[in-house]
Structures are given as structure tokens and as C-alpha cells.
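Residue-level listing of the chains:
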Amino acid sequence: MEWKGKRQSDNFEDRRGMSGRKMAFGGGAGAIIIALIAYFLGGDPNQVLNQLQQGGTDTATSNGPLELSKEEQELTEFVRVVQASTEDVWSELFKRQDENYVADSLVLYREGTSTDGCGFGQSAMGPFYCGGDQKVYLDLGFNNELKSRFGATGEFALAYVIAHEVGHHIQKLTGTLDKANQQQARMSEKEANRIQVKTELQADFYAGIWAHYANKNSEVRIDANDIDAGLQAAAAVGDDKIQMQAQGRVMPDAFTHGTSEQRVYWFKKGFTTGDLSKGDTFNDPDL
Ligand SMILES: [Zn+2]
């Protein structure tokens, strides 16, 4: 992928110098210890944990000047270039439909950060999009996880992840995301998961659409090897793979992103066709 020296997006927020203090109590070993103390003192550990998670404040204090390793600096430039490329591609596609594209912004953070409408974001959740504030949240530590845990190497894997999150932003702008969320609120968990899978696969399709137009309508250059890396990433983060790793078995009802095969299929469909009308996962009889 050719990206060095290309336009970097200004729709970018660097929160890596902030500490989400809530994290210190909100999860992990600290929370377990506090829950144990509550248990032995006769309190309800769940209640204590809930209070900790809700009551903690995201103090967002600055930890002094932000020090980035060379690798982090390079990754930062990379994600800003990818973000810029998604802006160029989607602006053009919206313009064709006489619409104005209002871009999401990309937030880099470490460990934990507050969102406007999506609760407290934590790295453990992986990269995510928040419709409430129209921001994509990313902890660059995820890039290591892509490699070590999911075996998705190559820089395009991270580009695919960002393009997928921007895909959710497209769904927000078209009204699809809110409609899906409203439907899910009235459904059983099993049905809600089905809607979630359709939502996720459409975001994969949109990631493919971005890849299709990136060379023509933005400054980055993508080649066949990158697409392979993107497909590999899509396959690596399929729910069946993740569930196998986490639990040693696959439970289709609990799928919320789609299987590896489905994710690859929809990314590829967007990439090969470049045709937005082919991405209606919601009315696809096979899903
Ligand atoms: Zn998603």
C-alpha cells in the first residue's frame, strides 16, 4: 500500500496523553479485588462493580507531553491517511447522489476513554464506532492484536478495520444504523444478533466499496496484495474464529459480526462491484 506523505485527515483527535482514570477501577484485577473485599464485608459484589463502572469519572487528565515511539508515530500517520482516503472516497460517492458527506472523526486513545452516547470505551472492546458522537475509537494496541492474536499481517489489515468502522458511519448517515438499533431493542437476543450480523456485514461491504474507489478517488494506492491482506483480516476477525479461540467451539446464535466466510464474501462484493446498490444485507435471503 502506498500511503507515506499522502494527505492526513484533520478529523482526528488524539487522546493518548489523557488518562481515563475510570479504567483503574472499572475493570481488571483491581475491580475483582474490590469485589472480593465487598463480598467479605457482606456487600453485593455485583452492585459494587456496577457502581464502580457507572460512578467512576473519566477525568481525562493530561499526563504531560505525549511521547510516541517511532512505530506509533508511523501508525498515527498511517491511520490519518486512511481516514483521509475514506473521506475522499465517500465525499465523491455522496456527491454523485447530490448529497453532502459529513465525515466521522477518528479518536486515538489508550486503554479507556469516554464517548458521547456509547458509554465508556475500552481497548478490550476492540475498535468501535459510536453513532452518538459520530466518532471511530481506536487504540493502536489493536494493531498488535491483529498480528499476534488474529494472524492478520500487513498494514492493510488495519486499513480494513478503519474502513469497516467508517462503514458504520455511512450506516449512521443513511439511517440504517438507527433503524437497526430500534429494531433490536424490541427483539429477542437471537433475532437481535441476526440484525447485528447484517449490520456488520454491510460495514464490511462498505469497506470493500472504499477499497474499490481508493485508487481512483483518493491519494492512497492499493494493490492485489493489500486486498489479500484485507481478506485475510476479514477472515481472521470472523465471529466463528474469535469464538473458537475464546471458547473452543462455535455458537451460531451468538454471532454478531458474521462468520469468516461471510465477512470475506461481503468485503469482496463491495470491492469487485463498487456498486452501492449491491450492499443490502438486510434484504439478503441468505442472511
Ligand atoms: Zn462493526
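Just above sits the structure.
Residues numbered from 1 in each chain as written. Predicted model: local features only at pLDDT ≥ 70, side-chain atom pairs only at ≥ 80, totals over all residues. Heavy atoms only, no water.

Report on the state of the cysteines, specifying residues and quantitative values.
Overall, the coordinates contain one disulfide when judged by the stated rule. Through a disulfide, Cys118 is tied to Cys130; the S-S separation comes to 2.1 Å. Given an S-S torsion of about 90°, the disulfide between Cys118 and Cys130 has right-handed geometry. Of the two residues, Cys118 is situated in the loop between strand E5 (112-114) and strand E6 (120-122) and Cys130 in strand E7 (residues 128-130); the sequence distance between them amounts to twelve residues. What makes Cys118 partly exposed here is its relative accessible area of 33%. (Disulfide = S-S within 2.5 Å. Helix = DSSP H or I, 4+ residues; strand = E, 2+ residues; numbered from the N terminus. Buried < 20%, exposed > 50% of the residue type's maximum accessible area, 1.4 Å probe, protein only.)

Describe the pattern of salt bridges, with residues and values.
Under the counting rule described, the total for this entry stands at 14 salt bridges. Salt-bridge contacts for Arg16 lead to Asp14; the nearest nitrogen and oxygen are separated by 2.8 Å. Residue Arg194 pairs with Glu191 through a salt bridge whose shortest N-O separation is 3.7 Å. Note that Arg194 and Glu191 are positioned in helix H8 (residues 189-217) at a spacing of three residues, about one turn of the helix. The class of Arg194 is partly exposed, set by a relative accessible area of 40%. Three or more residues joined by partner-sharing salt bridges are found here, namely Arg7, Glu87 and Asp88. (Salt bridge = Lys/Arg side-chain N within 4 Å of Asp/Glu carboxyl O.)

Lay out the coordination of the zinc ion with the relevant residues and their values.
Every protein donor of the zinc ion is listed here as His164 (NE2), His168 (NE2) and Glu200 (OE), and their distances to the metal cover 1.9 to 2.1 Å. In primary-sequence terms, the residues that donate to the zinc ion follow H-x3-H-x31-E. Of this pair, His164 and His168 both sit in helix H6 (residues 156-174), four residues apart, roughly one helical turn. For the pair shown, His164 and His168 are each scored as buried. (Donors = N, O, S within 2.8 Å, 3.2 Å for Na, K, Ca; no water.)

Quick rundown of unusual backbone geometry? Include the residues and the values.
At Asp98, a position not held by glycine, the phi torsion is positive, near 60°. When you line up the elements, Asp98 lands in the loop between helix H4 (70-96) and strand E4 (105-108). Of note, the phi angle at Glu111 is positive, near 70°, even though the residue is not glycine. Looking at Glu111, the relative accessible area reads 52%, which means it is exposed.

Please give an account of the pairing of E4 that cites residues and values.
The two faces of E4 match: Ser105 and Val107 on one face and Leu106 and Leu108 on the other face are all buried. The sheet contact formed by strand E1 (residues 12-14) and E4 spans three bridges and is parallel. Across the sheet, Asp14 pairs through a bridge with Leu108, a residue of E4. Two strands pair when backbone bridges link them, and E4 and strand E8 (residues 135-138) are joined in this way by four bridges, in the parallel orientation. Bridging across to E8, Leu108 finds its partner in Leu138. (Pairing = 2+ DSSP bridges.)

Outline the side chain of Lys135, listing residues and values.
Checked against the element boundaries, Lys135 lands in strand E8. A polar side-chain atom of Lys135 sits 3.0 Å from a polar atom in the side chain of Glu13. Ignoring any residue separated from it by four or fewer positions in sequence, one finds Lys135 in contact with Glu13, Arg15, Ser105, Val107, Phe128, Tyr129 and Cys130. (Polar contact = N/O pair within 3.5 Å; in protein donor to acceptor, adjacent residues only side chain to side chain. Contact = heavy atoms within 4.5 Å.)

Give a detailed account of helix H11 (residues 260-273), specifying residues and quantitative values.
The end-to-end C-alpha separation of H11 is 20 Å, in line with the 20 Å expected for 14 residues at 1.5 Å each. Listed in full, the buried residues belonging to H11 are Ser260, Arg263, Val264, Trp266, Phe267, Lys269 and Gly270. Two residues or fewer after H11 comes Gly274, characterised by a positive phi angle close to 60°. (Expected span 1.5 Å × (residues − 1).)

Explain the packing of aromatic side chains to me, using residue names and the numbers behind them.
Taken as a whole, this structure holds eleven aromatic pairs when the rule is applied. Centre to centre, the rings of Trp90 and Tyr206 are 5.4 Å apart; their planes meet at 85°, and the pair counts as edge-to-face. Placement of the pair is Trp90 in helix H4 and Tyr206 in helix H8, with a sequence separation of 116 residues. Tyr206 matches Trp90 in its accessibility class, with the two residues each being buried. (Phe/Tyr/Trp six-rings, centres within 6.5 Å; stacked < 30°, edge-to-face > 60°.)

Quick rundown of the environment of Thr259? Include the residues and the values.
Turning to its location among the elements, Thr259 is positioned in the loop between helix H10 (239-247) and H11. Measuring from C-alpha to C-alpha, the distance between Thr259 and Leu201 comes to 9.4 Å, with 58 residues separating the pair along the chain. Apart from the residues lying within four places of it in its own chain, the contact partners of Thr259 are Gly238, Asp239 and Asp240.

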